[in-house]
Amino acid sequence: MKWYRMRSAWPGLPAAVLLAACATPPAPDVPPPPAAPAVEAEVDASAMLPLLSYFQRLHRMSAQELVRERNVLAALPPSPAIQVRLAMLLGQVRGPMDLYRALALLETVLKSSDRAAASLHPLARTLASQYQERLKLEMQNEKLVQQLKEIQRRNVELQEKLDALADIERSLPVRPTAGENLPGAPR
């Protein structure tokens, strides 16, 4: 096959050859990321399993059972596991300051360098993140409720104004049409 025929059969061949020649060599192997901090390396996942099952049990408890459980936990000596349990319980109850108290307990566990607390750090971080997001959503919800109340108040005011205008319109005398005789007009 002649050169000009090959050229017309594969019009992009010269460009592909040039691009292949200009290609950059592959990047050298990237080293693995540095290891996690020493505290995280000592995490004992088995310490979290009883707390996770406790968290599931909390969802099935009635309001009276939650109150009883809160009294039991309050009577126990504070430990990282008890603090996380109490934070989980406070996350279930819908009191005005319960999520803030739960976050304070979780913060205490996260700041602790105790070995028992260090093994609960991943769970405490997860719960704290969830509770912070819930607080943020509750604040947004409260703001939206306030906006809705304001809109409803304005709607009531506007409806009252419309009703007043309609009353004024009804009280006005009827205007005569062009075909009717106007008073004082020649007949």
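See above for the structure.
Bear in mind the structure is a predicted one, so any value in this text is a computation, not a measurement.

Student: Would you mind showing me how to read the nonpolar core here?
Tutor: One broad trend across soluble globular proteins is that nonpolar side chains are buried collectively. Counting 28 residues, the largest nonpolar core has Val-84, Met-88, Leu-89, Leu-106, Leu-123, Leu-127 and Tyr-131 as the members making the most contacts within it. Every element with two or more residues in this core is listed here: helix H4 (49-60), helix H5 (63-75), helix H6 (80-92), helix H7 (98-111) and helix H9 (121-171). For Tyr-131, the residues in contact, after removing those within four places along its chain, are Phe-55, Ala-87, Met-88, Gly-91, Leu-99, Ala-102, Leu-103 and Leu-106.

Student: Help me understand the pattern of salt bridges in this model?
Tutor: Oppositely charged side chains may form a pair once their charged atoms are brought near each other. Counting across every chain of the model gives 6 salt bridges. In this structure, Arg-70 and Asp-98 form a salt bridge, with 3.9 Å as the shortest nitrogen-oxygen distance. Pair noted here: Arg-70 is in helix H5 and Asp-98 is in helix H7, with a separation of 28 residues, a long-range link. You can call Arg-70 partly exposed: its relative accessible area is 29%.

Student: Any chance you could explain the packing of aromatic side chains here in plain terms?
Tutor: Working definition: an aromatic ring pair is given by the centre-to-centre distance plus the angle between the planes. In total, this model carries 0 aromatic pairs according to the counting rule given. Between the NZ or CZ atom of Arg-85 and the centre of the ring of Tyr-54, over which it lies, the distance is 4.5 Å.

Student: When you look at a nonpolar patch on the surface in this model, what are you seeing that I'm missing?
Tutor: Residues Leu-162, Leu-165, Ile-168 and Leu-172 make up a contiguous nonpolar surface patch of about 410 Å² in total accessible area. Locating Leu-162 in the fold gives a position in helix H9.

Student: How should I be thinking about the environment of His-59 in this particular structure?
Tutor: Inspection of the secondary structure assignment puts His-59 in helix H4. Separated by 33 residues in the primary sequence, His-59 and Gln-92 place their C-alpha atoms 7.5 Å from one another. Within the local environment of His-59, its side chain forms a polar contact with the side chain of Gln-92, the two groups lying 3.4 Å apart.

Student: I'm lost on H6 in this one. Help?
Tutor: Three or four residues apart is the spacing at which side chains of an α-helix point the same way, because the helix has 3.6 residues per turn. The end-to-end C-alpha distance of H6 is 19 Å, a good match for the 18 Å that 13 residues give at a rise of 1.5 Å each. Burial analysis of H6 places 10 of its 13 residues in the buried class, which makes it a mostly covered element. Among the residues of H6, Pro-80, Ile-82, Gln-83, Val-84, Leu-86, Ala-87, Met-88, Leu-89, Leu-90 and Gly-91 are the ones counted as buried. Against H4, H5, H7, helix H8 (115-118) and H9 lie the buried residues of H6.

Definitions and limits used
In this convention, every chain numbers its residues from 1, walking through the sequence in written order. This being a predicted model, a pLDDT of at least 70 is required before a residue's local features are given, and a value of 80 or more before pairs of side-chain atoms are given or counted; all residues contribute to the totals for chains, interfaces and linings. Computation of side-chain values: all heavy atoms of the structure, hydrogens and water removed. We call a set of buried Ala, Val, Leu, Ile, Met, Phe, Trp, Tyr and Cys residues a nonpolar core when their side-chain atoms join them within 4.5 Å. The rule is simple: take the accessible area with a 1.4 Å probe, protein chains only, and divide by the maximum for that residue type; under 20% is buried, over 50% is exposed, in between is partly exposed. Labels follow the DSSP assignment, with helices taken as runs of H or I lasting at least four residues and strands as runs of E lasting at least two, numbered in each case from the N terminus. Here, residues are in contact when the closest pair of their heavy atoms is within 4.5 Å. Every case where a carboxyl oxygen of Asp or Glu lies within 4 Å of a side-chain nitrogen of Lys or Arg is listed as a salt bridge. Only the six-membered ring of Trp is used, alongside the rings of Phe and Tyr, when aromatic pairs are assigned; centres must lie within 6.5 Å, and planes under 30 degrees apart are stacked while those over 60 apart are edge-to-face, with the rest tilted. Two conditions define a charge located above a ring, namely a distance within 6 Å from the ring centre to NZ of Lys or CZ of Arg, and an angle within 35 degrees of the ring normal. Patch membership is restricted to residues that have no salt bridge and whose relative accessible area is over 30%. Joining uses 9 Å for like charges and 5 Å for the nonpolar side chains Val, Leu, Ile, Met, Phe, Trp and Tyr. Here the open area of atoms and residues is found with the Shrake-Rupley method and a 1.4 Å probe, where only the protein chains shown may cover a residue. In protein, a polar contact means a hydrogen-donor-capable atom and an acceptor-capable atom, both N or O and within 3.5 Å, with residues adjacent in sequence counting only if both atoms are side-chain atoms; elsewhere, any N or O pair within 3.5 Å suffices. To estimate how far a helix should reach, multiply one less than its number of residues by 1.5 Å.

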